[in-house]
Amino acid sequence: PHFLLRRLHSLFGLLPVGAFLIFHLWENSQSRFGGEHYNVKVVGWLQELNYLLVLEIFVIALPIAFHAGYGLHILFTGKSELRRYPWLHNHFYWLQRLSGVGILLFLLMHVGMTRIWSIWYPAVKQDLFGHMQTMLSDPLMLLLYFAGLLLSVFHLGNGLWTMGISWGLTTTARSQKLSFYFFMGITLLLAAMGIHGLWGFVQ
């Protein structure tokens, strides 16, 4: 059971959780085109999708809940022994677990202040751009979103690298080194896209 759960945890981190993160970063990067474009052509299009609530629950929420829940199990049962093995990737192993906790807390805040908030206040749903703009005008909120962004892209990039090893796709030291550089490059690109999106709300 543990082997299967680890594989499912890893797979869900790529699809659909990782894929949704990339899409969400692209979605928010459209903020640079202004409020009308973001509200009508991006958010408005998504809100008109058939079975949106079903997709949100079964394609996004439940996979994230499983990935987060089993990730917490790994955190509390795993050992990194940083003092005994002070290697870079052992530190990254520990950072992967801690970033997951940070992301979970950030997600609860983000979903609560956007998706859940819009249920009680329809005006938020109609002008999500303005809502985000108002939220991010607070320096503390901007800092929290910036931290959540960096934690998320690091978690995905490092997770993809370790996934290559655990699934037997990168078996040699050279392939693991090259894939590490590749996925850290992807991490930087996603971070840039996310920062671009935040900038679109605050400029």
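Residues numbered from 1 in each chain as written. Predicted model: local features only at pLDDT ≥ 70, side-chain atom pairs only at ≥ 80, totals over all residues. Heavy atoms only, no water.

## Some thoughts on the overall build of the protein
Thinking step 1. In terms of helices and strands, the protein carries 8 helices and 0 strands.
Thinking step 2. Helices and strands appear in the protein in the N-to-C order α-α-α-α-α-α-α-α.
Thinking step 3. Each of the three principal axes of the protein carries a C-alpha extent, and together these read 55 × 35 × 25 Å.
Thinking step 4. In the protein, of all internal contacts separated by at least 6 residues, the share reaching a separation of at least 24 is 70%.
Thinking step 5. In the structure as shown, the protein presents an accessible area of about 12,500 Å², 73% of it carried by carbon and sulfur atoms. (Helix = DSSP H or I, 4+ residues; strand = E, 2+ residues; numbered from the N terminus. Contact = heavy atoms within 4.5 Å. Areas by Shrake-Rupley, 256 points an atom, 1.4 Å probe, with all protein chains shown as cover.)

## Focus on helix 3 (residues 52-77)
Thinking step 1. The first and last C-alpha atoms of helix 3 sit 36 Å apart over 26 residues, in line with the 38 Å expected at 1.5 Å per residue.
Thinking step 2. Approximately 30 degrees is the largest bend angle found in helix 3, and it occurs at Ala61, with the proline Pro63 only one to four residues beyond.
Thinking step 3. Among the residues making up helix 3, those that are buried are Pro63, His67, Ala68, Tyr70, Gly71, Ile74 and Leu75.
Thinking step 4. Tucked into the core, helix 3 has its buried residues touching helix 1 (2-29), helix 4 (88-120) and helix 7 (139-166). (Expected span 1.5 Å × (residues − 1). Bend = angle between axes of the 7 residues up to and from the residue. Buried < 20%, exposed > 50% of the residue type's maximum accessible area, 1.4 Å probe, protein only.)

## Considering the pattern of salt bridges
It is possible for side chains of opposite charge to pair when their charged atoms get near one another.
Thinking step 1. In the structure shown here, the tally under the stated rule is 1 salt bridge.
Thinking step 2. A salt bridge links Arg115 to Glu56, with the shortest nitrogen-to-oxygen separation between them at 2.8 Å. Note that Arg115 is positioned in helix 4 and Glu56 in helix 3, a separation of 59 residues in sequence.
Thinking step 3. Residue class for Arg115 comes out partly exposed when judged on its relative accessible area of 34%.
Thinking step 4. The exposure class of Glu56 is partly exposed, given its relative accessible area of 21%. (Salt bridge = Lys/Arg side-chain N within 4 Å of Asp/Glu carboxyl O.)

## Considering the side chain of His67
Thinking step 1. Position of His67 among the secondary structure elements: in helix 3.
Thinking step 2. Residue class for His67 comes out buried when judged on its relative accessible area of 15%.
Thinking step 3. Of the polar contacts made by the side chain of His67, one reaches the backbone oxygen of His9; its length is 2.8 Å.
Thinking step 4. In this view, His67 contacts His9, Phe12, Gly13 and His155; residues no more than four positions away in its chain are not counted. (Polar contact = N/O pair within 3.5 Å; in protein donor to acceptor, adjacent residues only side chain to side chain.)

## Looking at the nonpolar core
Thinking step 1. Formed by 27 residues in total, the largest nonpolar core has its most connected members in Met132 and Tyr145.
Thinking step 2. Counting only elements with at least two residues in this core, the list comes to helix 1, helix 2 (35-47), helix 4, helix 6 (128-136), helix 7 and helix 8 (173-202).
Thinking step 3. The residues contacting Tyr145, other than those within four sequence positions of it, are Phe106, Met109, His110, Thr114, Met132, Met135, Leu136 and Leu198. (Core = buried A, V, L, I, M, F, W, Y, C linked by side-chain atoms within 4.5 Å.)

## Description of unusual backbone geometry
Among all residues except glycine, the phi angle is most often negative; among peptide bonds, the trans geometry is most common.
Thinking step 1. Each neighbour pair has its own omega, and for Leu15 with Pro16 the value is 5 degrees, a cis peptide bond.
Thinking step 2. Residue position: Pro16 is located in helix 1.
Thinking step 3. With a phi close to 55 degrees, Tyr51 is a non-glycine residue in the positive phi region.

## Here we look at helix 4
Thinking step 1. With 33 residues, helix 4 extends 46 Å between its outermost C-alpha atoms, agreeing within 8% with the 48 Å of an ideal straight helix rising 1.5 Å per residue.
Thinking step 2. Maximal helix bending in helix 4 amounts to about 40 degrees, located at Gly112.
Thinking step 3. Those residues of helix 4 that sit buried are Asn90, Phe92, Gln96, Arg97, Ser99, Ile103, Phe106, His110, Thr114 and Ser118.
Thinking step 4. Along its buried surface, helix 4 packs onto helix 1, helix 3, helix 5 (122-126), helix 6, helix 7 and helix 8.

## Looking at the packing of aromatic side chains
Both the distance between ring centres and the angle between the ring planes are used here to describe each pair of aromatic rings.
Thinking step 1. According to the stated counting rule, one finds 13 aromatic pairs in the structure shown.
Thinking step 2. On the basis of an interplanar angle of 85 degrees and a centroid distance of 5.3 Å, the ring pair of Tyr38 and Phe201 is categorised as edge-to-face. Within this pair, whereas Tyr38 is found in helix 2, its partner Phe201 is found in helix 8, the two being separated by 163 residues in sequence.
Thinking step 3. Here the aromatic rings of Phe106 and Tyr145 are separated by 5.1 Å at their centres, their planes lie at 85 degrees, and the arrangement is edge-to-face. One end of the pair, Phe106, is in helix 4; the other, Tyr145, is in helix 7, and 39 residues separate them in sequence.
Thinking step 4. For Tyr145, a relative accessible area of 5% gives the class buried.
Thinking step 5. Looking at Arg7, its charged tip hangs above the ring of Trp167, at a distance of 5.2 Å from the centre.
Thinking step 6. One cation-aromatic arrangement involves Arg97 over Tyr93; the distance from NZ or CZ to the ring centre is 4.5 Å. (Phe/Tyr/Trp six-rings, centres within 6.5 Å; stacked < 30°, edge-to-face > 60°. Lys NZ or Arg CZ within 6 Å of the ring centre and 35° of its normal.)

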